[in-house]
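Here is what each chain is made of, one letter per residue.
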Amino acid sequence: MVFTKLSLEQVIDTYNKRMIEDFPPDELKPLEMILKAIDKGIYLCLGMVEDGKVINYAYFVKLGDDYLLDYFATIPESRNRGVGGKSLQALREYLKDARSILAEVEDPAFAKDEAEKEIQSRRYQFYLRNGFIDTNVKARCFGVPYIVIETGGLSDKETVCNNYKRLYKSILPEKLYANNIII
């Protein structure tokens, strides 16, 4: 499994056909914001393509050799085949020169019910099984409580916090950042 950089057409198609289904509205940035970030060179959109179809995608905020995994998903038809785990391994290989890769996982402690808590706990465990570590950093992004996880080697909580803030500040207008990112 190999990731490739998605074309602008593939980014738009994936957003309109998959991301609006794969992510809740409160977690989804407007497509226009993503396209502007791509134009600024601070956003990377990767896809794993099988038979001409994107089966897994990973979108990142990128500053130098630091990354924030903004969106990661496997299309429903390819789920439960090990694609997600293999994709995370392929991503680490694709980004082998990265200093750090941060990601967010919904904090199960704030789930609205047991079913949601189970899904969020499984997602958290999935990332841990696939090479991410819990940084002990908690964040609230647009009202959603997250656990910040990382792979790459940032050594301490302060460095993780500073990097997380820096990555978000690069993509969000100042007022939007100030009103919606709490760490």
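Residues numbered from 1 in each chain as written. Predicted model: local features only at pLDDT ≥ 70, side-chain atom pairs only at ≥ 80, totals over all residues. Heavy atoms only, no water.

Draft legend 1. View of the environment of Val 105. For Val 105, the location among the structural elements is in strand E5 (residues 100-106). Counting along the chain gives 38 residues from Val 105 to Gly 143, while the straight-line C-alpha distance between them is 13 Å. (Helix = DSSP H or I, 4+ residues; strand = E, 2+ residues; numbered from the N terminus.)

Draft legend 2. Layout of the sheet that holds strand E3 (residues 53-63). If you trace the 8 strands from one edge of the open sheet to the other, you get E1-E2-E3-E4-E5-E7-E6-E8, paired in mixed fashion. Two strands lie at the open edges of the sheet, namely strand E1 (3-5) and strand E8 (181-182), each paired on one side alone. Of the strand pairs in this sheet, strand E2 (residues 43-50) and E3 are connected by 8 bridges, and their pairing is antiparallel. If you follow Glu 50 over to E3, its bridge partner there is Lys 53. Seen against the sheet, helix H1 (residues 8-22) touches E1, E2, E3 and strand E4 (66-74) and runs at an angle of roughly 100° to E3. (Pairing = 2+ DSSP bridges. Contact = heavy atoms within 4.5 Å. Axes fitted to C-alpha atoms, helices over the stretch in contact; angles between N-to-C directions.)

Draft legend 3. Broad picture of helix H4 (residues 114-129). Counted at 1.5 Å a residue, the expected span for H4 with its 16 residues is 22 Å, and the 22 Å between its end C-alpha atoms agrees. Buried residues of H4: Gln 120, Tyr 124, Phe 126 and Tyr 127, and no others. End-on, the buried residues of H4 take up no more than an arc of 155°, which puts them together on one face. Turned more than 90 degrees from where H4 packs its buried face, Glu 114, Ala 115, Arg 122 and Arg 129 sit exposed. Those residues of H4 that are buried lie in contact with E4, helix H3 (83-94), E5, strand E6 (133-141) and strand E7 (144-151). Capping of H4 at its N-terminal end is provided by Asp 113; its side-chain oxygen lies 3.2 Å from the backbone amide nitrogen of Ala 115. Just downstream of H4, Gly 131 is the residue with a positive phi angle, here 100°. (Expected span 1.5 Å × (residues − 1). Buried < 20%, exposed > 50% of the residue type's maximum accessible area, 1.4 Å probe, protein only. Arc of directions from axis to C-beta. Polar contact = N/O pair within 3.5 Å; in protein donor to acceptor, adjacent residues only side chain to side chain.)

Draft legend 4. Up close: the state of the cysteines. Overall, the coordinates contain 0 disulfides when judged by the stated rule. We note that Cys 141 lacks a disulfide partner, and the nearest cysteine sulfur, in Cys 161, lies 14 Å from it. (Disulfide = S-S within 2.5 Å.)

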